[in-house]
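The residues making up each chain are set out below.
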Amino acid sequence: MTLAGCGVRPTPVLTGAEAPTISSHELTVYLLTPKHDDLVRRTRTYSGTVDTATAINLLVAGPTEEEKKLGLSTEVPSTSSRVYAVSNVIVLPEDLGPLSKMAQLQLYCTAIASRAKVEGVPQPGFSCP
């Protein structure tokens, strides 16, 4: 029987520094162009917690007055209920009902953009504008 080893000596547990945090006050939402045929990325300044649920809730609240003046809109229905997000799961309120394809894309792109910003992860799969 033959035994082999690489000669690396055991080391003590190495502790790292504090985890990085994001100090950002900007969120991205995706709205629809005036003809509802394309998505447009909008960055909004926000003074509260910056996370995926907050970004989705801002999208559900609809366009700002400035965005409305630009002709931007949304197909995501409004609701008084809150959206929750835990890791990769977004829990939408039941009263949002069935969503159009464009509403689904708005939600997807908003979630991916906020997750990428907050967690520093790349955007997978479908490419948002």
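This is a predicted model, so every value here is computed, not measured. (Residues numbered from 1 in each chain as written. Predicted model: local features only at pLDDT ≥ 70, side-chain atom pairs only at ≥ 80, totals over all residues. Heavy atoms only, no water.)

Following the sequence through the fold, Ile 112 ends up in helix α3 (residues 101-119). Taking the C-alpha atoms as reference, Ile 112 lies 9.5 Å from Asn 88; in sequence the two are 24 residues apart. (Helix = DSSP H or I, 4+ residues; strand = E, 2+ residues; numbered from the N terminus.)

Right, let's talk about unusual backbone geometry for a bit. With the exception of glycine, the majority of residues adopt a negative phi angle, and the majority of peptide bonds are in the trans configuration. For His 36, which is not glycine, the phi dihedral falls at a positive 60°. Topologically, His 36 is positioned in the loop between β1 (26-32) and β2 (39-45).

A word on the nonpolar core. Judged by nonpolar contacts, the single largest core of 15 residues is most densely connected at Ile 56, Leu 59 and Val 76. Among the elements of the structure, β1, α1 (52-61) and α3 are those that each provide at least two residues to this core. In terms of residues, this core owes the most to one element, α1, which gives 5 residues. Residues within four places of Val 76 in sequence aside, it is in contact with Leu 59, Val 60, Ala 103, Gln 106 and Leu 107. Core analysis: the next-biggest nonpolar cluster, separate from the first, contains 7 residues, Leu 32, Leu 39, Met 102 and Ala 113 among them. (Core = buried A, V, L, I, M, F, W, Y, C linked by side-chain atoms within 4.5 Å. Buried < 20%, exposed > 50% of the residue type's maximum accessible area, 1.4 Å probe, protein only. Contact = heavy atoms within 4.5 Å.)

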